[in-house]
Amino acid sequence: MTSAPDPVFEQPWHAQVFAMTVHLNETGLFTWPEWTVRFSAVLQRHGLARDLDGGDDYFLAWLDTLESLLSDTAGTEPGEIDALRDAWRRAYLDTPHGTPVRLPQRDPSGP
Amino acid sequence: MPHDDPDHPHSVLPPEPALRVKALETVLARRGLVDPAALDEIIDTYQNRIGPQIGASVVARAWCEPDFKAALLADATPVLAEMGHYGRQGEHVVVVENTPDRHNMVVCTLCSCYPWPLLGIPPGWYKSDAYRARAVREPRRVLADFGVALPKGTSIRVWDSTAEVRYLVLPMRPPGSDGLDAGALAALVTRDSMIGTGLPSAPEAT
C-alpha cells in the first residue's frame, strides 16, 4: 500500500465496465444497493483463494457481477455473450493494425 | 506484442476480460439498454472532471468559513448538492472532522464504496483486500504504512462506508497556513488526507 498517484482507470476495459454499470443503474435496471450486495459477495468469493490487490482482479470481480446481474435482470444468455466475445476476438485478429475494429454486420451470433 | 511483429500485422488483441466487456456492451446496445454516448460521458466525467480537487475545495472552504463548516458537519448532503456535487447513486455524504483527540479513517469492508462526487474513483489500494481487512483490525499500523504517526493521545475512528452512506474526512488545518486563501489551502489537501490515510501537506512543502 502506498500513496503514490494512480491513474483513474488502469485499463480501458475497467473504465468501460464501470461506465456501463453506472449507466444501467441510472437508467433504472437495478438499484445501487442491489449492485453492492452482489458485488460484495463476488469480491468475497474471489478473495477466498488469494488476496485481491484492487487492480485487474477487482474489475474482474466487477465484470463477473455485472454479467450475472444482467443475466438475471435483462435476460442475457451466457452463450450469447460467449459467442459475441469470440466474434470480437475474430474481428481483432482479422482487422489490419491501424484500422478501427468492428464486428461484421452479420456475425453468426447475431440476433 | 502483435503490432511489433511483422508476421502478425493484425490489431492488438485486447485481454480476455476486455473482449467480454465488448460482448456485454454489444448485447446491451442491440437491446437498446445502453447508449454508447452516455458511456463516453460517464468515462470522461470520472477521468477528467471529478477527482480529489473537488473534495479539496470543500475542505479548504470549511477551513475558511465557520458557518459552512458547521452546515457541512451537521448534514453534508444538501450543502454539497447546492454546490453541484450530487451522489449519482443517491447516497448520503457524511463529513467527519479530525481533531487533536480523534483521527478519522474511511474504508469499505464489503466492497469499495467511496465518495465518488468528491474524490472520483478510489485508488487501487482502497479496493484491495489488504486495506479493507486491515483498516478496521489494525488502523494504527495501516497509518504507519502510509507514513502517518499520530500522537499517542489521538484515538482512531474507522468509518465503514455503505451503498447509502459515504464518508469524507475533514482533516485538521495544517499549522502555518494562517495567511493562505482558499485556493492555496486546497492545494495542501491531499486525497489521502480526505480518506484519513494521510495528512494535509505542510504549507512550505508545496
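Since the model is a prediction, treat every value here as computed from it, not as a measurement.

Visitor: Is there a simple way to think about helix 2 (residues 32-46) of chain A in this case?
Guide: Each α-helix winds once per 3.6 residues, and so residues spaced three or four apart point in a common direction. Spanning 15 residues, helix 2 of chain A covers 21 Å between terminal C-alpha atoms, matching the ideal 21 Å at 1.5 Å per step. Within the span of helix 2 of chain A, buried status applies to Trp32, Trp35, Thr36, Phe39, Ser40, Val42 and Leu43 of chain A. Where helix 2 of chain A is buried, its residues meet helix 1 (12-26) and helix 3 (56-73) of chain A together with helix 6 (116-119), helix 8 (129-137) and strand 4 (165-170) of chain B.

Visitor: Even after reading the chapter, I still don't get the UniProt feature "binding site: Fe(3+)" (unreviewed entry) in chain B, so can you show me in this structure?
Guide: Residues and elements named next belong to chain B. Residues annotated in UniProt with the feature "binding site: Fe(3+)" (unreviewed entry) correspond here to Cys108, Cys111, Ser112 and Cys113. Assignment of secondary structure puts cysteine 108 in the loop between strand 2 (102-107) and helix 6. Setting aside chain neighbours within four positions, we find cysteine 108 in contact with Cys113, Tyr126, Arg132, Asp160 and Ser161. Within the element layout of this structure, cysteine 111 appears in the loop between strand 2 and helix 6.

Visitor: I would appreciate a short explanation of helix 2 (residues 36-49) of chain B in the present structure.
Guide: Taking 1.5 Å of rise per residue, 14 residues should cover 20 Å, and helix 2 of chain B covers 19 Å from first to last C-alpha, within 8% of that figure. Those residues of helix 2 of chain B lying buried are Ala38, Leu39, Ile42, Ile43, Thr45 and Tyr46 of chain B. Down the axis of helix 2 of chain B, the buried set is contained in an arc of 155°. They therefore lie on one face. On its buried face, helix 2 of chain B sits against helix 1 of chain A together with helix 1 (16-30) and helix 6 of chain B.

Visitor: What is the right way to read the UniProt feature "domain: Nitrile hydratase alpha/Thiocyanate hydrolase gamma" (unreviewed entry) in chain B from this model?
Guide: The residues that UniProt annotates with the feature "domain: Nitrile hydratase alpha/Thiocyanate hydrolase gamma" (unreviewed entry) are residues 17-197 of chain B. Between the C-alpha atoms that bound residues 17-197 of chain B there is a distance of 32 Å. The span itself is 50% helix and 13% strand.

Visitor: How do you make sense of the interface of chain B and chain A when you look at a structure like this?
Guide: Bring the parts together and some accessible area is lost; that lost area is often taken as the interface size. With 58 residues of chain B at the contact, the number on the chain A side is 61 residues. Between chain B and chain A, roughly 5400 Å² of surface is buried when both sides are summed, and carbon and sulfur atoms account for 66% of that area. Area buried by chain B at its contact with chain A is led by Arg20, Leu24 and Arg30 of chain B, which between them contribute 12% of it. At the surface where chain B touches chain A, the tally comes to five salt bridges. Salt-bridge contacts for arginine 20 of chain B lead to aspartate 64 of chain A; the nearest nitrogen and oxygen are separated by 2.6 Å. Our count for the chain B to chain A interface comes out at 15 residue pairs in polar contact (both at pLDDT 80 or more). Looking at the side of chain B that touches chain A, the elements with two or more residues in it are helix 1, helix 2, helix 7 (124-127), helix 8, helix 9 (139-145) and helix 11 (191-195) of chain B. Per-element tally for the side of chain B that touches chain A: the top contributor is helix 1 of chain B, with 14 residues. Residues of the side of chain B that touches chain A, tallied by class, amount to 32 nonpolar, nine polar and 17 charged.

Visitor: Just to check I follow, could you spell out the pattern of salt bridges for this structure?
Guide: Taken as a whole, this structure holds 18 salt bridges over all chains when the rule is applied. A salt bridge links arginine 85 of chain A to glutamate 16 of chain B; the shortest N-O distance between them is 3.3 Å. With arginine 85 of chain A in helix 4 (residues 78-94) and glutamate 16 of chain B in helix 1, this residue pair bridges two chains. Taking the relative accessible area as the measure of exposure, glutamate 16 of chain B reaches 33% and is therefore partly exposed. Aspartate 129 of chain B serves as the salt-bridge partner of arginine 132 of chain B, at 2.8 Å between the closest nitrogen and oxygen. Of this pair, arginine 132 of chain B and aspartate 129 of chain B both sit in helix 8, three residues apart, which is roughly one turn of that helix. Residue arginine 132 of chain B shares its accessibility class with aspartate 129 of chain B, and that shared class is buried.

Visitor: What am I meant to see in the environment of proline 66 of chain B here?
Guide: All names here are of chain B. Locating proline 66 in the fold gives a position in helix 4 (residues 66-74). Residue proline 66 is classed as exposed on the basis of its relative accessible area of 63%. Separated by 45 residues in sequence, proline 66 and cysteine 111 have C-alpha atoms that sit 34 Å apart.

Visitor: Help me understand the packing of aromatic side chains in this model?
Guide: Each aromatic ring pair is characterised by the separation of its centres together with the angle its planes make. All chains considered together, the criterion is met by 24 aromatic pairs over all chains. Judged by centre distance (4.9 Å) and plane angle (50°), the rings of tryptophan 35 of chain A and tryptophan 62 of chain A are tilted. Here the residue tryptophan 35 of chain A occupies a position in helix 2, and tryptophan 62 of chain A occupies one in helix 3, the gap between them amounting to 27 residues. Tryptophan 35 of chain A sits in the buried class, given a relative accessible area of 1%. Ring geometry for tyrosine 58 of chain A against phenylalanine 59 of chain A: centres 5.1 Å apart, planes inclined by 90°, an arrangement best described as edge-to-face. Look at tyrosine 58 of chain A and you get buried, because its relative accessible area is 3%. Connected via pairs of aromatic rings, a cluster forms that spans Phe9, Phe18, Phe30, Trp32, Trp35, Phe39, Tyr58, Phe59 and Trp62 of chain A together with Tyr46 and Trp116 of chain B. Positioned over the ring face of tryptophan 88 of chain A is lysine 22 of chain B, at 4.5 Å from the centre of the ring. Over the ring of phenylalanine 68 of chain B we find arginine 61 of chain B; its NZ or CZ atom is 4.0 Å from the centre of that ring.

Cut-offs and rules
- Throughout, a residue's number is its position along its own chain's written sequence, starting from 1.
- Whichever chain is written first is A, and whichever ligand is written first is 1; the rest continue in order.
- With pLDDT at 70 or above as the cut-off, local features in this predicted model cover only qualifying residues; side-chain atom pairs require 80 or more to be listed or tallied, and sums for whole chains, interfaces and linings still use all residues.
- Heavy atoms from the whole structure form the basis of all side-chain values; hydrogens and water molecules are not counted.
- Helix numbering and strand numbering both begin at the N terminus, where a helix is a DSSP run of H or I of at least 4 residues and a strand a DSSP run of E of at least 2.
- The span one expects for a helix is its residue count, reduced by one, times 1.5 Å.
- Type-normalised accessible area, obtained with a 1.4 Å probe on protein chains alone, sets the label of each residue: buried when under 20%, exposed when over 50%, and partly exposed for intermediate values.
- The contact definition used throughout considers only heavy atoms, calling two residues in contact when any of these lie within 4.5 Å.
- UniProt positions are given in the numbering used here, feature names are shortened, and annotations may be inferred rather than shown by experiment.
- Regarding the arc, it is the one traced by the directions from the helix axis to the C-beta atoms.
- Buried surface area refers to the total accessible area, computed with a probe of radius 1.4 Å, that the two partners give up upon joining, counted for both partners together.
- Salt bridge, as used here: a side-chain nitrogen of Lys or Arg that lies within 4 Å of a carboxyl oxygen of Asp or Glu.
- Contacts described as polar in this section are N or O atom pairs within 3.5 Å, which, within protein, must combine one atom able to donate a hydrogen with one able to accept it, while residues neighboring in sequence count only if both atoms come from side chains.
- Just so you know the grouping, Ala, Val, Leu, Ile, Met, Phe, Trp, Tyr, Cys and Pro go in nonpolar, Asp, Glu, Lys and Arg go in charged, and all remaining residues, Gly too, go in polar.
- Note on ring pairs: Phe, Tyr and Trp rings are taken, using the six-membered ring of Trp, and paired if centres are within 6.5 Å. Classes follow the plane angle, with under 30 degrees stacked, over 60 edge-to-face and the rest tilted.
- For a Lys NZ or an Arg CZ to count as sitting over a ring, it must be within 6 Å of the ring centre and within 35 degrees of the ring normal.

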